[in-house]
Amino acid sequence: MHPLTHKPVWRVLLLTVGLSASLASLADPISALQTLRLGGCGGILPAARALNHDAKLDRAAQQWAAGNSVASAAEHSGYAAEASVGLHISGPESSTILLIRKSGCRTVMELRMHDVGVYQRGQDSWLVLASAYVVPARSQAPALASRALQLVNEVRARGARCGERSFGPAPPVRLSETLDTVAYGHANDMAVHDYFEHQDRRGHSPADRVRAVGYQEKLVGENIAYGPKSAEEVVQGWLDSPGHCENIMDPRFGEMGIAYAAGQASKRGLYWVQVLAAPRV
């Protein structure tokens, strides 16, 4: 037989091997999920970037399979999740990509998710998709304080409506390192000891804390918040709350301190404290 007659056979063989490798890849739940994300879940949604495979989320998937909720499983795995969602599929490996797609394209394509883990048992697969909570570094604190000051002074300059009360323009406030220190002390105490109150664990009020550092004040106000990730978010949240807004707009205040601290254990969000004061001249 002429050697050229073997060429079509080799082509078929190579095509068969390539197809087998492709199907084997799509039988792996994570590979199938990545394919769906990159392809917009079959072209019905905008494409999303691939996820990082995280071993902690493998443990979370196993705990979810054992009966824990997805959120609880992620927490106990050591993964600091800001958001998490799970996909459970059951069926033959050859149908993995179809099973994941049928489980919900919007879940598969969640843009806020960054990481994924998987646990398999028999024909069942549990996938956990999650995004980690990223805490601003302490080195970012001065920049965030400056941005918060800018936002506060912008609204003071134009005036604002706080609930039923209207406030006209007020003079700008200036940052005080002393008040920054007071604000951080209370934010960190709330973060470490898991509480959210103006009065601290020793029964001290905002004015008590200001006086304790030697600051001579005529008037003290304090705003606190839990959860916001940025200066924009925390200031807007205070402006949307009448009482907090009134503190920000009070023309008697001349100085401000602001700080944040990251919560621990299940409370991983940021605790924010803004201290406003009218110093004695």
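On a predicted model such as this, the values are computed, not experimentally measured, just so you know.

### Side note on the sheet that holds strand 2 (residues 81–90)
And then number 1: Taken in spatial order, the four strands of this open sheet run 1-3-4-2, and their pairing is mixed. The open sheet has two free edges, formed respectively by strand 1 (52–53) and strand 2, since each of these has just one partner strand.
And then number 2: By the bridge criterion, nine bridges tie strand 2 to strand 4 (residues 124–132) in an arrangement that is antiparallel. Following the sheet pairing, His88 is matched in strand 4 by Trp126.
And then number 3: Of the strands in this sheet, strand 1, strand 2, strand 3 (115–121) and strand 4 touch helix 4 (residues 55–65), which is tilted by about 45° from strand 3.

### Looking at unusual backbone geometry
And then number 1: Backbone geometry at Cys41 places phi at a positive 55°, although glycine is not the residue there.
And then number 2: Within the secondary structure, Cys41 is located in helix 3 (residues 40–43).
And then number 3: On the basis of relative accessible area, Cys41 is assigned to the buried category, the value being 0%.
And then number 4: Positive phi is not limited to glycine here, since Asp194 has a value of about 55°.
And then number 5: In this structure, Asp194 sits in the loop between helix 9 (177–193) and helix 10 (206–212).

### Digging into the packing of aromatic side chains
And then number 1: All chains considered together, the criterion is met by four aromatic pairs.
And then number 2: Pairing Phe196 with Tyr271 gives two aromatic rings, centres 6.5 Å apart and planes at 50°, and the pair type is tilted. With Phe196 in the loop between helix 9 and helix 10 and Tyr271 in strand 10 (residues 270–279), this residue pair connects regions lying 75 residues apart in the sequence.
And then number 3: According to the relative accessible area criterion, Phe196 is partly exposed, its value standing at 37%.

### So, the pairing of strand 4
And then number 1: For strand 4, a buried count of seven out of nine residues is recorded, marking the element as mostly surrounded by other parts of the structure.
And then number 2: Connecting strand 3 to the next strand, strand 4, in antiparallel fashion are two residues, including Gly122 with a positive phi near 65°.

### What about the sheet that holds strand 9 (residues 255–262)?
Sheet strands pair by backbone hydrogen bonding; their relative direction is either parallel or antiparallel.
And then number 1: Read from one edge to the other, the open sheet built from four strands follows the order 7-9-10-8, with strand pairing classed as mixed. Each end of this open sheet is capped by a strand with a single partner; those strands are strand 7 (174–175) and strand 8 (217–226).
And then number 2: Inspection of the sheet shows strand 7 paired to strand 9 by two bridges, in the parallel sense. Within strand 9, the position partnered with Leu175 by the bridge is Met256.
And then number 3: Sitting on the sheet, helix 8 (residues 141–158) is in contact with strand 7, strand 9 and strand 10, with an inclination near 135° to strand 9.

### Thoughts on the state of the cysteines
And then number 1: Enumeration according to the criterion identifies two disulfides in this entry.
And then number 2: Disulfide pairing places Cys162 opposite Cys245 at an S-S distance of 2.0 Å. Judged by the torsion about the S-S bond (-55°), the Cys162/Cys245 disulfide is left-handed. Highlighted residues: Cys162 in strand 5 (residues 160–162) and Cys245 in helix 12 (residues 242–249), separated in sequence by 83 residues.
And then number 3: With relative accessibility at 1%, the residue Cys245 sits in the buried group.
And then number 4: Taken N- to C-terminal, the disulfide-bonded cysteines of the chain are connected 1-2, 3-4.

### Comments concerning helix 2 (residues 29–38)
And then number 1: The buried fraction of helix 2 amounts to seven of the 10 residues, a majority that puts the element mostly inside the structure.
And then number 2: By the burial criterion, the buried members of helix 2 are Pro29, Ile30, Ala32, Leu33, Gln34, Leu36 and Arg37.
And then number 3: Following helix 2 by one or two positions, Gly40 adopts a phi angle in the positive range, close to 65°.

### Some words on the nonpolar core
One recurring pattern in soluble globular proteins is that nonpolar side chains are buried together.
And then number 1: Ranked by internal contacts, the top residues of the largest apolar core, which has 29 residues, are Val235, Trp238, Ile248, Met249, Met256, Ile258 and Trp272.
And then number 2: The biggest single contributor to this core is helix 8, with eight residues.
And then number 3: With near-sequence residues (within four places) excluded, Met249 lies in contact with Val155, Arg156, Gly159, Ala160, Cys162, Phe167, Gly168 and Ala170.
And then number 4: Counting residues in hydrophobic clusters, the runner-up holds 21 residues, among them Leu33, Ile89, Ile100 and Met109.

Conventions we followed
- Residues numbered from 1 in each chain as written.
- Predicted model: local features only at pLDDT ≥ 70, side-chain atom pairs only at ≥ 80, totals over all residues.
- Heavy atoms only, no water.
- Pairing = 2+ DSSP bridges.
- Helix = DSSP H or I, 4+ residues; strand = E, 2+ residues; numbered from the N terminus.
- Contact = heavy atoms within 4.5 Å.
- Axes fitted to C-alpha atoms, helices over the stretch in contact; angles between N-to-C directions.
- Buried < 20%, exposed > 50% of the residue type's maximum accessible area, 1.4 Å probe, protein only.
- Phe/Tyr/Trp six-rings, centres within 6.5 Å; stacked < 30°, edge-to-face > 60°.
- Disulfide = S-S within 2.5 Å.
- Core = buried A, V, L, I, M, F, W, Y, C linked by side-chain atoms within 4.5 Å.

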